[in-house]
Amino acid sequence: MLALRKLDLVSLMGVKLKNMKIHKMVVNNNVIILATTNCRVLRINLDGGDDIDEVDLSRKEGDQIHSLFLDPTGYHLLISLTSGNNYYLYSRSTKPKRLSKLTDCVIESCAFDKHEGTEACTKPFLVGTTRGVIYEVNLDSAGKERTCQVVYELDTGSAISSIHFEVIGGARGGNDSDRELAESILQRSATSSSSNHGGDCSSSGDAGSSSLRGRGSSLTDGGGAGAADVGAARDEEHSTPGLDPADADDQIHYDLDTLTSSGPCFLVMCASAVPTRLYHFVGGPTLMKLFADTERAGTGSFAELPGTLPSAQLHCFNKQSSHGSLGAGGWSGLHGAGRTEHFALMSAGGIFHGSLRLAALTKKENRDSFLSDASLVAYPHISTGSSNSGDNSG
């Protein structure tokens, strides 16, 4: 059960609040982070009384905070400025550290490791920039950049407005079912790349039709006003020219052993707004290798939706996402607590949503379908005023 709690900033901060305007906020693990228009961060720990930490980031004229990202533990804060400078702030410090490697880029989205992060270290996570670049980053509580490297770039150069990743199999707490899942995904990548299918998947709505097709799959709106069932997204993945099928089989078994014995298998999803696309990537045993293999083999897949909007928000969730607790060593009860089951993507025409039936990939007949029961729910039409035309007399 959720409980509402009033936070009286005026009483807590007094006259200082009059000179501030709050324009960003993030919350995680009972920690609230507020960003003000004068490039200042306010940190409130709801478990630590009513004290508010005030942190100045920049006094340079024109500097503004573009985005804030707080990891699930509440210990690690990533701050991106419109100037392209980025900062890290540890929960027990009021001195932000400028990130020397993650510079000259404005961060638009961030996907922290929801299960492995601790107070001492974030563990590897992904950030997406306004220029369509994905970085892998790993920070410790001193702000040291253990890892900071470019792993992928969208060919469109569009801002990555949302990004999500998780482990779906392998040695990172995996089991036999995880191995079977990883094997099915790798088999799917090889079989679908050689078949090069490009058929449409379409169905009619109340007043129009929508179809999902292509290398990405392109969702083309036919103008229907109601919810348009677009079915499963068929991702056309490209094979490496000249690869012998027997060699491909050997590579699959080699990659499977690498994924499940030497490390995890990852699922990465990200979204761009212009054009509005939902991308997905599967592989391992590291995030770097996942994207390197994708780049080399050309197996990146996406579904494209019509229209554009300032930001395409992607949300992934499952029924067990709220279970677990935070201890000194990190999160407990969340490891293997349930993979992402559903997704929702905001687009210009409505909410594109459906299921991510990863377990279904273990069945051969379902390997061509990554998104399940995907459909576009159109926004309701809201009247802007009453019409007085015509004769309204009795």
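Residues numbered from 1 in each chain as written. Predicted model: local features only at pLDDT ≥ 70, side-chain atom pairs only at ≥ 80, totals over all residues. Heavy atoms only, no water.

Visitor: Honestly, the side chain of T36 in this entry has me stumped. Any pointers?
Guide: Among the structural elements, T36 can be located in strand β2 (residues 31-36). Within the structure, T36 has its side chain in polar contact with the side chain of N38 (distance 2.2 Å). Ignoring sequence-local partners within four residues, the contact set of T36 consists of M20, K21, I22, H23, L42 and I65. (Helix = DSSP H or I, 4+ residues; strand = E, 2+ residues; numbered from the N terminus. Polar contact = N/O pair within 3.5 Å; in protein donor to acceptor, adjacent residues only side chain to side chain. Contact = heavy atoms within 4.5 Å.)

Visitor: Please explain helix α4 (residues 287-297) as it appears in this structure.
Guide: Of the positions making up α4, those classed as buried are L287, L290, F291, D293 and T294. Projected onto a plane normal to the axis of α4, the buried residues spread over an arc of 160° and lie on a single side. The exposed set on the far side of α4, more than 90 degrees from its buried face, consists of E295 and R296. One or two residues past the end of α4 sits G298, with phi positive at roughly 65°. (Buried < 20%, exposed > 50% of the residue type's maximum accessible area, 1.4 Å probe, protein only. Arc of directions from axis to C-beta.)

Visitor: Just checking my understanding: could you explain the pairing of strand β5 (residues 65-70) for this structure?
Guide: For a regular strand, side-chain orientation follows a simple rule: the groups alternate between the two sheet faces. Counting buried positions along β5 yields 5 of 6 residues, so the element is predominantly enclosed. As paired strands, β5 and strand β6 (residues 76-81) are joined by 5 bridges and run antiparallel to one another. Following the sheet pairing, L68 is matched in β6 by I79. Where β5 folds back onto β6 in an antiparallel hairpin, the turn is made up of 5 residues, including G74, whose phi is positive at roughly 85°. (Pairing = 2+ DSSP bridges.)

Visitor: Sorry, what's going on with the pattern of salt bridges here?
Guide: Opposite charge on two side chains permits them to pair, given that their charged atoms come into close proximity. For the structure shown, the criterion picks out 10 salt bridges. One salt bridge in this structure joins D53 and R43, with 3.1 Å as the shortest N-O distance. A residue pair is termed long-range when its members are at least 10 positions apart, and D53 in strand β4 (residues 52-56) and R43 in strand β3 (residues 40-45) qualify at 10 residues. Given a relative accessible area of 7%, R43 falls into the buried group. (Salt bridge = Lys/Arg side-chain N within 4 Å of Asp/Glu carboxyl O.)

Visitor: Mind showing me how you'd approach the confidence of the model for the protein here?
Guide: Overall, the prediction assigns the protein a mean pLDDT of 73, with 61% of residues at 70 or greater. Between residues 321-337, whose pLDDT stays under 50, and residues either more than four places distant or in other chains, the model counts 28 contacts. Segment residues 360-368 is flagged for pLDDT under 50; beyond a separation of four residues in sequence, or across chains, it makes 20 contacts in the model. (pLDDT = per-residue confidence, 0-100.)

Visitor: Looking at this structure, how should I read the environment of L154?
Guide: Tracing the backbone through its elements, the reader meets L154 in the loop between β12 (145-153) and β13 (160-170). Distance in space between the C-alpha atoms of L154 and R131 is 8.4 Å, their sequence separation being 23 residues. For L154, the residues in contact, after removing those within four places along its chain, are G132, I160, S272 and Y279.

Visitor: Help me understand the sheet that holds β4, please; the structure alone is not making it clear to me.
Guide: Strand pairing in a sheet is mediated by backbone hydrogen bonds. Such pairs are either parallel or antiparallel. Across the sheet, 4 strands lie side by side as β1-β2-β3-β4; this open sheet has antiparallel pairing. Among the strands making up the open sheet, the edge pair consists of β1 (22-28) and β4. Averaged over neighbouring strand pairs, the angle between their axes works out to 20° when direction is ignored. Note: β1 against β2, 6 bridges, orientation antiparallel. Bridge pairing links K24 to A35 in β2. (Axes fitted to C-alpha atoms, helices over the stretch in contact; angles between N-to-C directions.)

Visitor: Before we go on, may I ask you to explain the pairing of β2 in this structure?
Guide: In terms of burial, β2 is a largely internal element, 6 of the 6 residues being buried. Neither face of β2 is exposed, since V31, I33 and A35 on one face and I32, L34 and T36 on the opposite face are all buried. The pairing of β2 with β3 spans 5 bridges and is classified as antiparallel. Looking at β3, one finds that A35 is bridged to V41.

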